[in-house]
Amino acid sequence: MNLVESARFALQGVLANKLRSALTTLGILIGVAAVIVLVAVGTGSSKAVQDSISSLGANTLTVTASQGGTGSRAGRAGGAGGAFGGGAAAGSSTVSTGTQTRLAAVTLTDAQALNVRADTPDVVSVAPVVSVSSVTATYSGATHSVTSFIGTSPSYLTNNDETISVGAAFSDADYSARRRVALLGSTTATDLFGGTGRSGVGKTIQFNGVQYTVVGILAAKGSSSSSTADDRVVAPLTAVQDTLAGYGDLSSISVKASSADTVTAATSEVESILNTRHKVTSTTADYTVSSSSSILSAATSSTKTFTVLLAAVAAISLLVGGIGVMNIMLVTVTERTREIGIRKAIGAGRGSIVGQFLLEAVLLSVIGGLAGVLVGFIGSRFTIAGITPVIEPYSVVLAFGVAVAIGLFFGLYPANRAAALRPIDALRYE
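Position numbers for residues count from 1 along each chain, tracking the sequence in the order it is written. Where local features are concerned, this predicted model is filtered to residues with pLDDT of at least 70; where side-chain atom pairs are given and counted, the filter is 80 or more; whole-chain, interface and lining totals use all residues. Hydrogens and water molecules were not included; the side-chain quantities draw on all heavy atoms of the structure.

Visitor: What exactly am I supposed to notice about the overall build of the protein chain here?
Guide: Secondary structure follows DSSP: runs of H or I at least 4 residues long count as helices, runs of E at least 2 residues long count as strands, and numbering of each begins at the N terminus. Counting its regular elements, the protein chain contains 13 helices and 14 strands. The rule is simple: take the accessible area with a 1.4 Å probe, protein chains only, and divide by the maximum for that residue type; under 20% is buried, over 50% is exposed, in between is partly exposed. When burial is assessed residue by residue, the protein chain has 46% of its 430 residues classed as buried. Total accessible area on the protein chain is roughly 19,600 Å²; 60% of this is exposed by carbon and sulfur atoms. Every accessible area reported is derived by Shrake-Rupley at a probe size of 1.4 Å, with residue values counting cover from the shown protein chains alone.

Visitor: I'm lost on the pairing of strand β5 (residues 135-139) in this one. Help?
Guide: A regular strand places its side chains on the two faces of the sheet in alternate fashion. Here, a strand pair is defined by DSSP locating no fewer than two bridges between the strands. Sheet topology places β5 next to strand β6 (residues 142-146); 5 bridges connect them, and they run antiparallel. Across the sheet, V135 pairs through a bridge with V146, a residue of β6. What sits between β5 and β6 in their antiparallel hairpin is a turn of 2 residues, with S140 showing a positive phi close to 45°. Strand direction decides the pairing type here: β5 and strand β10 (residues 204-207), joined by 2 bridges, are antiparallel. Looking across to β10, one finds that A137 is bridged to F207.

Visitor: Please clarify how the nonpolar core should be interpreted in this entry.
Guide: A general feature of soluble globular proteins is that nonpolar side chains tend to end up buried together. Membership of the largest hydrophobic core comes to 45 residues, with the highest contact counts inside it found for V63, F149, L184, F207, I253, V255 and V270. Counting residues per element, this core draws most heavily on helix α8 (residues 263-278), which supplies 5 residues. What is meant by a nonpolar core is a set of buried Ala, Val, Leu, Ile, Met, Phe, Trp, Tyr and Cys residues, joined one to another through side-chain atoms within 4.5 Å.

Visitor: I tried to follow the pattern of salt bridges on my own but got confused; where do I start?
Guide: Between side chains of opposite charge, a pair can form when the charged atoms approach closely. Salt bridge, as used here, is a side-chain nitrogen of Lys or Arg placed within 4 Å of a carboxyl oxygen of Asp or Glu. Applying the stated criterion to the full structure yields 5 salt bridges. A salt bridge links D174 to R179; its shortest N-O distance comes to 2.9 Å. Given a relative accessible area of 40%, R179 falls into the partly exposed group. Among the ionic pairs, R178 bridges to D242, the shortest N-O distance being 2.9 Å. Remark: D242 occurs in helix α7 (residues 237-245) and R178 occurs in the loop between α5 (172-176) and β9 (181-184); sequence separation between them is 64 residues. Looking at R178, the relative accessible area reads 28%, which means it is partly exposed. Its relative accessible area of 34% is what places D242 among the partly exposed residues.

Visitor: What am I meant to see in the packing of aromatic side chains here?
Guide: How two aromatic rings sit relative to each other is given by the distance of their centres and the angle of their planes. Ring geometry is summarised as follows: Phe, Tyr and Trp rings, the Trp one being its six-membered ring, pair when their centres sit within 6.5 Å, and such pairs are stacked at plane angles under 30 degrees, edge-to-face over 60 and tilted between the two. Inspection of every chain in the model, using the stated rule, returns 5 aromatic pairs. In textbook terms, an aromatic cluster arises when at least three aromatic residues are bridged by ring pairs, as seen for F149, F207 and Y212.

Visitor: Would you mind going over the confidence of the model for the protein chain with me for this structure?
Guide: Detailed reading of the predicted model is not advised wherever pLDDT is low. The predicted model of the protein chain averages 81 in pLDDT, with 80% of residues at 70 or higher. Per-residue confidence from the predictor is reported as pLDDT, a score between 0 and 100. Any pair of residues with heavy atoms lying within 4.5 Å of one another is described as a contacting pair. Between residues 68-78, whose pLDDT stays under 50, and residues either more than four places distant or in other chains, the model counts 63 contacts. Contacts for the low-pLDDT stretch residues 86-99, under 50 throughout, to residues beyond four places or in other chains number 31 contacts.

Visitor: Sorry, what's going on with helix α6 (residues 186-193) here?
Guide: For the α-helix, the turn length of 3.6 residues means that residues three or four positions removed from each other point alike. Residues S186, T188, A189, L192 and F193 constitute the buried set of α6. One face of α6 carries all of its buried residues, which in axial projection span an arc of 160°. On its buried face, α6 sits against β5, β6, β9, β10, β11 (210-218) and β12 (232-236). Immediately beyond the C-terminal end of α6, within one or two residues, lies G194, with a positive phi of roughly 75°. What the arc describes is the spread of directions from the helix axis to the C-beta atoms.

Visitor: Sorry if this is basic, but what is going on with the pairing of strand β14 (residues 287-291) here?
Guide: The alternating pattern of β14 places Y287, V289 and S291 on a buried face and T288 and S290 on a face that is not buried. One ladder, built from 5 bridges, connects strand β1 (residues 60-65) with β14; its direction is antiparallel. Across the sheet, the residue bridging to A65 is Y287, located in β14.

Visitor: Mind showing me how you'd approach the environment of G376 here?
Guide: Here G376 shows up in helix α11 (residues 350-379). According to the relative accessible area criterion, G376 is buried, its value standing at 0%. Linking G376 and G31, residues 345 residues apart in sequence, is a C-alpha distance of 9.8 Å. Leaving out residues up to four positions away in the same chain, G376 has contacts with A33, I36 and V37.

Visitor: Hey, could you run me through the packing of α11 against helix α12 (residues 393-419) in this one?
Guide: As a rule, the C-alpha atoms of each element are fitted with a line to give its axis, helices using only the stretch in contact, and angles between N-to-C directions run from 0 to 180 degrees. At their nearest, the axes of α11 and α12 sit 7 Å apart, and the two run at 155° to each other. Relative to α12, α11 is oriented roughly antiparallel. Considering how the two elements wind past one another, α11 and α12 form a crossing that is right-handed. Each residue belonging to the contact of α11 with α12 can be placed in one class, and the counts come to 20 nonpolar, 5 polar and 1 charged. Here roughly perpendicular refers to angles of 65 to 115 degrees, roughly parallel to angles under 35, roughly antiparallel to angles over 145, and oblique to all remaining angles. Put simply, a crossing is left-handed when the front helix is turned counterclockwise from the back one by less than a right angle, and right-handed when it is turned clockwise. Throughout this entry, Asp, Glu, Lys and Arg are counted as charged residues, while Ala, Val, Leu, Ile, Met, Phe, Trp, Tyr, Cys and Pro are counted as nonpolar. The remaining residues, Gly among them, count as polar.

Visitor: How should a nonpolar patch on the surface be read in this particular structure?
Guide: A cluster of nonpolar side chains, contributed by L19, L23, L26 and I30, occupies part of the molecular surface with about 400 Å² of accessible area. Position of L23 relative to the elements: it lies in helix α2 (residues 18-54). To count toward a patch, a residue needs a relative accessible area above 30% and no salt bridge. Like charges then connect within 9 Å, nonpolar side chains (Val, Leu, Ile, Met, Phe, Trp, Tyr) within 5 Å.

Visitor: Just checking my understanding: could you explain the environment of S21 for this structure?
Guide: In this fold, S21 is placed in helix α2. For S21, a relative accessible area of 12% puts it in the buried group. With 343 residues separating them in the primary sequence, S21 and L364 have C-alpha atoms 7.0 Å apart. Non-local contacts of S21, meaning those with residues more than four positions away in its chain, are made with V14 and L364.

Listed below in structure tokens is the structure:
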């Protein structure tokens, strides 16, 4: 009996009991669809994280104070100015004797030191950053609690690839003159002014009772970021220190390397300067230099592990579907024992019997696999837990291929069992 005839007998066997065959393929369908959808969710999650981190700038470094640390401070600025606004840094102090335990901090003079081009050839811009918490914005009876309020220099906008949707950014002149001007995030502007918030440009609002003039509205971060990413205010550090933050240490320093390829070199230059200023070494450093590329690498590794775990969970359901195929094929062999005996009695060889039942098992898996791919594509079109799934072609090929392989594997034992029946015993079977 040739392959075509074996395939015809296999198809007749599948169609002989449609409900049972449908329930058998359902297990394969669920397994294949689960693999495709869950891998798509993992990939979508990874893409969302990558987009969010990449929005910070691939060549942007962030310097923050770390806990503990020993050493002595080269100097501390008491006010803004110098390299960022044209003014002189106010009173600084120097600890020059011995080694002492102190609170870790990064200061405006640290930022000014990093802004010296001769010492940092791979750095193109530096921005000191102060974050102010618990800021309430009010305008004409409307009140809004700002999620993120930042005092910084104009370089911050360049470092973080910020764009202005309407109006203009504050300038170096605004920074030097300590003008109370502000840029609003799209969410902040909408809540205060209504509509798109664009009408707020040029108007005066209050932050904790202090008047600031809105000079521009920041472009929205986009769908890959959380809704709070656009609830923010950016203002000149000098004005923020005068009115809201005081003249303490910085929250961080934003540093932009000349390109993504020079991030490592720029990091080394930053560390060298800060080590000298803070009188620390790489092992006793009281600060941390992080970059979006290093964060992205760690996040990508984590999301890959997450995706593999999701795929493994889905693969279990595919395995269970294969066991269902084997179970049904054993039942089929038992039910058709007399048929097998008759076929063998009239000359059907072992290969023909094995081929018939093996093809029947594979056919069930192929039907279930194709249906699973279709359901997987449909399921991946919906947002799941706030994540937009991204289908990976390899997951489709892999899931369908494994489904067929499962049909072969789990169909082999029932097929061999059918072929091993003796014709006389099979004909006597009731």
